[in-house]
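The chain contents come next:
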Amino acid sequence: MELASRKEKILSAVVEKYVETGEPVGSKALQSEAGLGVSSATIRNDLKALDDDGYLTQPHTSAGRVPTKKGYRYYIDNLMPAITLPDRVREHIDSRISDGAQSPEAALNHAASVLAQLTNAAAVVTTPSSEETRVHRIRFVATGRHTSMAVLVTSTGMVKSHLFRCEFVLTPQLLGMFDKAVNEQFAGVKLKEITKGFLQTAASAMGELTLFVPDVLIAVYEAAQSALRISVTVAGQTNLLFSDGYDFYSARSVLKFLSDTKRISTLLNNSRSLKIYLGEESGCRELETSAVITSRYELCGENAGAVAIIAPMRIDYKTVSREVDYAAECVSATVGALIEH
């Protein structure tokens, strides 16, 4: 249902004023600040009409109005202005995600941390879905005379490693031979195809190295199994406990949801671009009083994992959605550079 122009202005003003102050918004405040050019009585009539239609509600008699979920949704879909983040905010997000990020995991951790700090909400970052993930590169790093680490880099930039031990001395020359032979067999292979049967086939194809590689291949297999598991990074959980937008039970409900890695990944990795869920739109009972703002980051031109915040519904949607989206852009750039390196 489309609202008349003046009602749209009133709804937008109520949402933005309520987000700013946390106090119900009355006709006098709107008349002085919204620039509507109509009387207080006219504004009161429009407020009542918006209330009757379910966009606003009145907490108690004689109070002003606050937005309902329907009101927030109409604002987000039809009225929310597009903004550009200030340069200082963009630079802060960019530097916090990229500086010192020696691995994709570190970049994702930094992204969650900076978003939690900026939004005063819980921030979540997921690794990419493993369904189409392939082996990009395998490296071997000596850790002792008889021990080495198999380091697997995936096509989506995840790095997983597994230590192995051999009875023979692992010389640089031997590790170099492992590197060449293993990458010939594994590069480009989907992680889900690296089964024990695949290991047997790979070993038999390595000729004279066959007797030396069982422990090596098991280490690669274990690293691949680890990479198959989607991981979730969460930061800012304590923000929820001190938010005036939640009561104790709502905050506890959200924290319970944040402990369920599988459900988080299912929710966030289903969207293809910036998405805002309000309450039960998320399909998660624990989030019925929450807003979820999520955006996907890309690797190699494909949708990868997600960057998101979970917060009370009273949040500055126009600013926070842009911060989330920009953080996703920075993750794409930082992790992409790490993969290429």
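In this report, we go over the structure that sits alongside the text. (Residues numbered from 1 in each chain as written. Predicted model: local features only at pLDDT ≥ 70, side-chain atom pairs only at ≥ 80, totals over all residues. Heavy atoms only, no water.)

### Details of the sheet that holds strand 5 (residues 147-154)
Read across the sheet, three strands follow the order 4-5-6 without closing on themselves; strand pairing throughout is antiparallel. With one partner strand each, in any of the chains shown, strand 4 (135-142) and strand 6 (159-165) form the two edges of the open sheet. Between one strand axis and the next, the sheet turns by 20 degrees as a mean value, whatever way the strands run. One ladder, built from seven bridges, connects strand 4 with strand 5; its direction is antiparallel. By the bridge assignment for strand 5, Ala142 is matched with Ser148. Where helix 9 (residues 214-228) meets the sheet, its contacts fall on strand 4, strand 5 and strand 6, and the angle it forms with strand 6 comes to roughly 150 degrees. (Pairing = 2+ DSSP bridges. Helix = DSSP H or I, 4+ residues; strand = E, 2+ residues; numbered from the N terminus. Axes fitted to C-alpha atoms, helices over the stretch in contact; angles between N-to-C directions. Contact = heavy atoms within 4.5 Å.)

### Considering the nonpolar core
Counting residues in each nonpolar core, the largest one holds 61 residues, and the members touching the most others are Leu11, Ile97, Tyr297, Val307, Ile309 and Tyr317. In terms of residue count, helix 13 (residues 317-340) provides more of this core than any other element does, nine residues in total. When residues no more than four places from it in sequence are discounted, the contact partners of Leu11 are Leu3, Leu50, Tyr55, Leu56, Gly71, Tyr74 and Leu79. Grouped together as the second largest cluster of nonpolar side chains are 31 residues, Leu170, Leu191, Ala202 and Ala203 included. (Core = buried A, V, L, I, M, F, W, Y, C linked by side-chain atoms within 4.5 Å. Buried < 20%, exposed > 50% of the residue type's maximum accessible area, 1.4 Å probe, protein only.)

### Describing empty space enclosed by the protein
With the rule as written, the count across this model stands at one cavity of 30 Å³ or more. If you go around the largest cavity, you meet 13 residues; those closest to its centre are Thr127, Pro128, Thr156, Met158 and Ala227. Considering only residue class, the lining of the largest cavity consists of five nonpolar, six polar and two charged. (1 Å grid on protein atoms, 1.4 Å probe; cavity = no way out; pocket = protein on both sides within 12 Å on 5 of 7 lines; lining within 4 Å. Points joined across faces, edges and corners; volume = space filled by probe spheres on them. Nonpolar A, V, L, I, M, F, W, Y, C, P; charged D, E, K, R; others polar.)

### Topic: the sheet that holds strand 9 (residues 290-299)
Reading across the sheet, the five strands line up as 7-3-10-9-8 and stay open at both edges, with antiparallel pairing between neighbours. The sheet is open, and its two edges are formed by strand 7 (232-235) and strand 8 (275-278), each paired on a single side. Here the average twist between neighbouring strands, direction ignored, is 20 degrees. Where strand 3 (residues 122-126) meets strand 7, four bridges bridge the pair, whose relative direction is antiparallel. Residue Val124 lies in a different strand from strand 7, and its bridge partner there is Val234. Sheet contacts for helix 6 (residues 104-119): strand 3, strand 7, strand 9 and strand 10 (302-312); angle to strand 3, the most-contacted strand, approximately 160 degrees. Strands strand 3, strand 7, strand 8, strand 9 and strand 10 of the sheet are contacted by helix 12 (residues 261-268), whose axis makes an angle of about 80 degrees with strand 3.

### Some details on the packing of helix 1 (residues 5-21) against helix 4 (residues 69-79)
Orientation of helix 1 relative to helix 4, taken along the N-to-C sense of each, is 110 degrees, at an axis distance of 10 Å. As far as their axial angle goes, helix 4 and helix 1 are roughly perpendicular. Crossing hand, helix 1 versus helix 4: left-handed. Within the contact between the two elements, helix 1 uses Glu8, Leu11, Ser12, Val15, Glu16, Tyr18 and Val19 and helix 4 uses Gly71, Tyr72, Tyr74, Tyr75 and Leu79. (Parallel < 35°, antiparallel > 145°, perpendicular 65-115°, else oblique. Left-handed = near helix turned anticlockwise from the far one by under 90°.)

What is shown is where atoms sit, not what they do.
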